[in-house]
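Read off the chains here:
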Amino acid sequence: GCCRRLCQDWGKDWFFWLAYQKTCVLFLLLFVSYGTIICFFGFIYLGLSYFGSKAEVNPDGSTKTIAFCDMDINDHMEAMYFSLSTMTTIGYGVSDYYFGGCYSPLLIVLWQGCTAVVFYGPG
């Protein structure tokens with residue numbers, strides 16, 4: 001029915017299909033796409049932070065978690081904020097801008113930066 005026709009129309013000529021949509025539909029697609037990119041990279045940053053984190057025992061017996069590559073990402077909200085900061089290029093709130101000399105965060109930030117350039121367009 002309707003969904004099948006929509007998919008067929010999208011596959012034939014996606015540019016004109018998109019161009020003839022209402023403004024509210026275009027904004028919805030834009031916001032959903034932007035949010036998806038932020039969440040996608042947020043999960044990557046969170047996974048990277050958890051992957052290499054280590055627990056250290058303090059002299060008083062308590063434990064302290066050492067973040068991987070000094071990323072200072074301890075939960076999902078911090079990962080989303082870091083991803084949003086990367087995408088909007090407003091800067092970081094991390095203690096070490098060089099991530100402790102690690103290349104992993106650099107490569108992911110570079111990947112997200114390139115994604116942002118493609119998303120925002122050349123103009």
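Scope of this entry: the structure provided in the associated data block. All of these numbers come straight from a predicted model, not from anything done at the bench.

### Points about the nonpolar core
Logical step 1: Grouped together as the largest cluster of nonpolar side chains are 19 residues, with contacts concentrated most on Y45, M71, I73, F82 and M87.
Logical step 2: Elements that contribute at least two residues to this core include exactly α3 (23-52), α4 (76-88) and α5 (104-120).
Logical step 3: Among the elements that make up this core, the one with the highest residue count is α3 (7 residues).
Logical step 4: When near neighbours in sequence (up to four residues on either side) are disregarded, M87 contacts Y34, I37, I38, Q112, A116, F119 and Y120.

### Structural notes on α3
Logical step 1: The terminal C-alpha atoms of α3, which comprises 30 residues, lie 44 Å apart, in line with the 44 Å expected from a rise of 1.5 Å per residue.
Logical step 2: Contacts from the buried residues of α3 go to β1 (54-57), α4 and α5.

### Some thoughts on the packing of aromatic side chains
For any two aromatic rings, the description comes down to two numbers: the centre-to-centre distance and the angle of the planes.
Logical step 1: Scanning the model with the defined rule gives 10 aromatic pairs in all.
Logical step 2: Taking 5.4 Å as the distance between ring centres and 85° as the angle between the ring planes, the aromatic pair formed by F15 and F16 counts as edge-to-face.
Logical step 3: On the basis of relative accessible area, F15 is assigned to the partly exposed category, the value being 47%.
Logical step 4: A ring pair is formed by F40 and F41, whose centres lie 5.2 Å apart and whose planes are at 80°; its orientation type is edge-to-face.
Logical step 5: Taking relative accessible area as the criterion, F40 reaches 43% and is therefore assigned partly exposed.

### A short note on α5
Logical step 1: Taking 1.5 Å of rise per residue, the 17 residues of α5 would be expected to cover 24 Å, and the 24 Å separating its terminal C-alpha atoms lies within 8% of that figure.
Logical step 2: Every buried residue of α5 is listed here: P105, I108, V109, Q112 and A116. One side of α5 carries all its buried residues, which in axial view fall inside an arc of 100°. The outward face of α5, more than 90 degrees from its buried face, is lined by the exposed residues L107, L110, V117 and V118.

Reading the values: the criteria
- Once a new chain begins, its residue numbering starts again from 1 and follows that chain's sequence as written.
- Per-residue local features are limited, in this predicted model, to residues with pLDDT of at least 70; the limit for side-chain atom pairs, both in listing and counting, is 80 or more; totals at the level of whole chains, interfaces and linings are taken over all residues.
- The side-chain values count all of the structure's non-hydrogen atoms but skip hydrogen atoms and water molecules.
- To qualify as a nonpolar core, a set must consist of buried Ala, Val, Leu, Ile, Met, Phe, Trp, Tyr and Cys residues joined through side-chain atoms within 4.5 Å.
- Summary of the burial criterion: residues with accessible area below 20% of their type's maximum are buried, those above 50% are exposed, and those between are partly exposed, where the area comes from a 1.4 Å probe applied to protein chains only.
- Starting at the N terminus, helices and strands are each numbered in turn, a helix being any DSSP run of H or I of at least four residues and a strand any DSSP run of E of at least two.
- Between two residues, a contact is recorded if the distance between any of their heavy atoms is within 4.5 Å.
- Given a helix with a known number of residues, its expected span is that number minus one, times 1.5 Å.
- Pairing of aromatic side chains here covers Phe, Tyr and the six-membered ring of Trp, requires ring centres within 6.5 Å, and sorts the geometry by plane angle: under 30 degrees stacked, over 60 edge-to-face, intermediate tilted.
- When we speak of the arc, we mean the arc of directions from the helix axis to the C-beta atoms.

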